[in-house]
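Remarks on the overall topology
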Amino acid sequence: MSLLFAGIFSILVIQRLGELMLAKSNERWMKERGAKEIGQNHYKYIVILHISFLLAVGIETILRGFSLSVIWTIMLGIFVLAQFLRFWTIKSLGRFWNTKIIVLPDANVVKKGPYRYIKHPNYMIVALEIISLPLIFSSYITAIVFTLLNGILLVKVRIPIEEKALKDVTDYRVVFSNVNED
């Protein structure tokens, strides 16, 4: 079981580091075309939340002795599904995908891939990961605490800032006029 944890955890950390490199490249590309970063003040809290989440999963899982939960296969399935959805989301946004809120004035908002169905698939995917990963390994405290913290940060801070930025400088209102508010 500790090998399963080490494998999943290592893949996740490598994936996140790769995503940060991709985000930096996309940021440069967008800013070269006149894009602006919005909401920089809250980004540090997103970073702290994600690093703390990984540390908490590791610590609680080690303290619990790498025990698999009774629903571990379901949670592993959800976690793997979230990874496929993450790749689909990143591919759908292409050069516009980022971990920061970076908007390119007058750009056409992407409405393909998962964005045909919901406005913020990446945040749904992160929520699935934050609940499913710890529940694979019986790390119930981490699952509860970070699901709540992530939800608060997204609903109260991140999504409102992102939506305002998109509405102010793109065709976001028109593109998502027929999609219910999250």
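These lines cover the structure that appears in this document, whether it is placed above or below. (Residues numbered from 1 in each chain as written. Predicted model: local features only at pLDDT ≥ 70, side-chain atom pairs only at ≥ 80, totals over all residues. Heavy atoms only, no water.)

All right, on to the packing of helix α2 (residues 40-63) against helix α5 (residues 140-169) then. Running from N to C, α2 and α5 point in directions that differ by 170 degrees, and their axes come no closer than 10 Å. What the angle tells us is that α2 and α5 run roughly antiparallel. Residue-level contacts link H42, Y43, Y45, I46, L49, S52, F53, A56, V57 and E60 of α2 to Y140, I141, T142, F146, L149, N150, L153, V157, R158 and I161 of α5. By residue class, the composition of the contact of α2 with α5 is 14 nonpolar, four polar and two charged. (Axes fitted to C-alpha atoms, helices over the stretch in contact; angles between N-to-C directions. Helix = DSSP H or I, 4+ residues; strand = E, 2+ residues; numbered from the N terminus. Parallel < 35°, antiparallel > 145°, perpendicular 65-115°, else oblique. Contact = heavy atoms within 4.5 Å. Nonpolar A, V, L, I, M, F, W, Y, C, P; charged D, E, K, R; others polar.)

This model, assessed by the stated rule, comprises six aromatic pairs. Ring geometry for F5 versus F137: centroids 5.0 Å apart, planes at 90 degrees, classification edge-to-face. With F5 in helix α1 (residues 2-32) and F137 in the loop between α4 (121-136) and α5, this residue pair connects regions lying 132 residues apart in the sequence. Taking the centre distance of 5.8 Å and the plane angle of 85 degrees together, the rings of W29 and F96 count as edge-to-face. Note that W29 is positioned in helix α1 and F96 in the loop between α3 (72-93) and β2 (101-103), a separation of 67 residues in sequence. Judged by relative accessible area, F96 falls into the partly exposed class, the value being 31%. Pairwise contacts between aromatic rings join F5, F9, F66 and F137 into one cluster. (Phe/Tyr/Trp six-rings, centres within 6.5 Å; stacked < 30°, edge-to-face > 60°. Buried < 20%, exposed > 50% of the residue type's maximum accessible area, 1.4 Å probe, protein only.)

A few words on the nonpolar core. F53, L133 and I136 are the most contacted members of the largest nonpolar core, which has 20 residues in total. Counting residues per element, the ones that place at least two in this core are α1, α2, α3, α4 and α5. In terms of residues, this core owes the most to one element, α2, which gives six residues. I136 has contacts with I8, S67, L68, S69, W72, M75, L76 and F79, leaving out every residue within four places of it along the chain. With 14 residues, the next largest nonpolar core counts A23, L93, A165 and L166 among its residues. (Core = buried A, V, L, I, M, F, W, Y, C linked by side-chain atoms within 4.5 Å.)

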